[in-house]
Amino acid sequence: MSKKTPPAPLVTVRSPRKPSPLRKVARLGATIVAARVAADTGKKGVLGIVAGIGAKRLIMRHPVGALLVTGAYMAGKFYEAKREIDRKRNQKLLTDRSDEPVPIESARKKSATDG
């Protein structure tokens, strides 16, 4: 009696590949940007959740999409920061005894209530 070897399986089963460190960093970055996009878009609504999910999927699937979404997000942040700096620069300021700038309107209101 000879022993028969079992036939070779039709499909080979391999263990899943470990994600590379680059993939882990990409996933973390995509999650952060998607959360920020969701927070800025809809504040707490369904639109924000959908925007965040779409941004993450676009970032993870397409390198050009990652550049587009992240670039647009960063450009928006820089634009808002520049507007805030320009607004503060154009505001008329006075200095009080503590050497801190005080807007003229609030100084006038304060002096009117004091006197």
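Residues numbered from 1 in each chain as written. Predicted model: local features only at pLDDT ≥ 70, side-chain atom pairs only at ≥ 80, totals over all residues. Heavy atoms only, no water.

S.K.: A description of the nonpolar core should follow, citing residues and the corresponding values.
M.R.: In this structure, A30, V33, V37, A55, I59, A66, V69 and Y73 together form the largest nonpolar core, which totals eight residues. If you list the elements that add at least two residues to this core, you get helix 1 (21-42), helix 2 (46-61) and helix 3 (63-90). If we skip the residues at most four places from it in the chain, I59 touches A30, V33, A66, V69 and T70. (Core = buried A, V, L, I, M, F, W, Y, C linked by side-chain atoms within 4.5 Å. Buried < 20%, exposed > 50% of the residue type's maximum accessible area, 1.4 Å probe, protein only. Helix = DSSP H or I, 4+ residues; strand = E, 2+ residues; numbered from the N terminus. Contact = heavy atoms within 4.5 Å.)

S.K.: Can you explain helix 2? Please cite residues and give values.
M.R.: The terminal C-alpha atoms of helix 2, which comprises 16 residues, lie 23 Å apart, in line with the 22 Å expected from a rise of 1.5 Å per residue. Regarding helix 2, the residues found buried are G48, G52, A55 and I59. Take helix 2 and look down its axis: the buried residues cluster within an arc of 65 degrees, on one side only. Looking at helix 2, the residues exposed on the side facing more than 90 degrees away from the buried face are V46, L47, I49, V50, I53, R57 and R61. (Expected span 1.5 Å × (residues − 1). Arc of directions from axis to C-beta.)

S.K.: So what about the packing of helix 2 against helix 3? Which residues, and what values?
M.R.: Here helix 2 crosses helix 3 at 135 degrees, and the two axes come no closer than 5 Å. Between helix 2 and helix 3, the angle is such that the two are oblique. Touching A55, L58, I59 and R61 of helix 2 are P63, G65, A66, V69 and T70, all from helix 3. In terms of residue class, the contact of helix 2 with helix 3 is made up of six nonpolar, two polar and one charged. (Axes fitted to C-alpha atoms, helices over the stretch in contact; angles between N-to-C directions. Parallel < 35°, antiparallel > 145°, perpendicular 65-115°, else oblique. Nonpolar A, V, L, I, M, F, W, Y, C, P; charged D, E, K, R; others polar.)

S.K.: Account for the confidence of the model for the protein chain, naming residues and giving values.
M.R.: Summing up the model confidence of the protein chain, the mean pLDDT is 76 and the portion of residues at 70 or higher is 78%. Of all secondary-structure elements in the protein chain, the lowest mean pLDDT belongs to strand 1 (residues 93-95), at 59, while helix 3 reaches the highest, 84. (pLDDT = per-residue confidence, 0-100.)

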